[in-house]
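Structural overview
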Amino acid sequence: MIEIQNLSKIYEKAHQKVVAIEHIDLKVERGDIYGIVGLSGAGKSSLVRCINRIEDPTTGTVIVDGVDLTSLSGKALRSERQKIGMIFQNFNLLSSKTVFENIAFPLRLKGLDKEQIQKRVLDLLEKVELTEKADVYPVNLSGGQKQRVGIARALANEPSVLLCDESTSALDPKTTKQILGLLKRINKEFGVTLVVITHEMDVVKAICNKVAILESGRIIAEGDTIDVFTRKTSDATKHFIGESVSSDSNHRGNNRLQLTFKGVSAEQPILSGLIRNLAVDVNILSGSIETIQDYPLGKLIVELPGDSNVLIEALDYLSAKGVDAEVLS
Ligand SMILES: Nc1ncnc2c1ncn2[C@@H]1O[C@H](COP(=O)(O)OP(=O)(O)OP(=O)(O)O)[C@@H](O)[C@H]1O
Ligand SMILES: [Mg+2]
């Protein structure tokens, strides 16, 4: 679907070089909702802009549906680019045009006749549940409604991929949930592959089946969302997924474990079993249960006495119970 090979983007301005992305390889399969997360400045927007060739990559290739976009220019590029829809954080609507005209805009550019445009726009308005707002101007819409217009407009050319750059970052939590629900529906019902760029892990957890974590222009972790959250992770990834544990709070000599409970074991009293079984004190340092794509995932960071026999027994007990345990240094 989308194949990115050895992609780099270096901006050069006034003899200054900024390396925005560096040697990225990425594969998005048809039907994926692929999350790309990273902190501000990680290179997320540079990456999307290289995917749809708003920006020319410094090195590497981007292949969409088997076509190498980096080899195209002019008319051929414009035509291929129609396969790629895009929505933005600030919606980028035309303020002097109504909702209907905003959605009709790409269709007029394409040269469709009046009847075809009418039919297509009404259909799109229905998809995003904005039929009654057809003649309203953007200024009179809520943020969520504006983004739904943005989505309808992006779908007008029937793209196979929709790139969403921080498309919910300007919205409140409730509206964010609605827009994410709509994006998920567009993916499931219309088979549109989504690339979701965000700095919010919650967005990824809610809808993405795959995720890549971007840091300083490089991918530091990638894979199925559930795996990336449960995998034995590097410190950098841990930092980003919000469970950095400062080592100075470690009581000297104690063993610190990170426990991950997947699925049904997330709801079982594993820990009280552990305490009874080992007859030792177990300090809970932090814990959470969250839902990743409707799948419960529990995480606990606990401390055990610094006795290696206790540690071995604890690891045995936990693995027998199907709990993933990682010894933190
Ligand atoms: N047009 C440009 N010219 C020069 N440098 C740029 C340009 N666009 C981005 N950069 C630099 O490239 C790096 C990556 O920026 P980018 O906008 O891709 O990050 P981002 O992950 O999208 O950040 P944010 O979350 O703030 O949107 C940053 O250091 C940025 O300053
Ligand atoms: Mg950005």
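Figured I'd write up the structure that's included with this text.

A separate point is the overall build of the protein chain. On a plain count of helices and strands, the protein chain comes out with eleven helices and 14 strands. With the principal axes as the frame, the protein chain shows a C-alpha extent of 80 × 50 × 35 Å. Taking all 329 residues of the protein chain together, the buried fraction comes to 33%. For the protein chain, the share of sequence-separated contacts (at least 6 apart) that also reach a separation of at least 24 residues comes to 68%.

Let's shift gears to the nonpolar core. Of all hydrophobic cores here, the largest spans 68 residues; its most connected members are Ile103, Ala152, Leu163, Cys164, Leu194, Val195 and Val196. Setting aside chain neighbours within four positions, we find Val196 in contact with Ile33, Tyr34, Gly35, Cys164, Val203, Ile207 and Cys208. Counting eleven residues, the second largest nonpolar core, distinct from the first, contains Leu259, Leu274, Ala314 and Ala325.

Here we have four strands laid out as an open sheet, ordered S2-S1-S4-S5, and antiparallel in their pairing. Unpaired on one side and paired on the other, strand S2 (16–28) and strand S5 (67–68) mark the two borders of the sheet.

Examined bridge by bridge, strand S1 (residues 2–13) and strand S4 (residues 59–64) share five bridges and lie antiparallel to one another. Following the sheet pairing, Ile4 is matched in S4 by Val62. As paired strands, S4 and S5 are joined by two bridges and run antiparallel to one another. Bridge pairing in S5 places Val64 opposite Val67. Between S4 and the antiparallel strand that follows it, S5, lie two residues; Asp65 among them carries a positive phi value of about 50 degrees.

What counts and how
Residues numbered from 1 in each chain as written. Chains lettered and ligands numbered in written order. Predicted model: local features only at pLDDT ≥ 70, side-chain atom pairs only at ≥ 80, totals over all residues. Helix = DSSP H or I, 4+ residues; strand = E, 2+ residues; numbered from the N terminus. Buried ≥ 20, exposed ≤ 12 C-beta atoms within 10 Å, placed from the backbone. Contact = placed C-beta atoms within 7 Å. Core = buried A, V, L, I, M, F, W, Y, C linked by C-beta atoms within 7 Å. Pairing = 2+ DSSP bridges.

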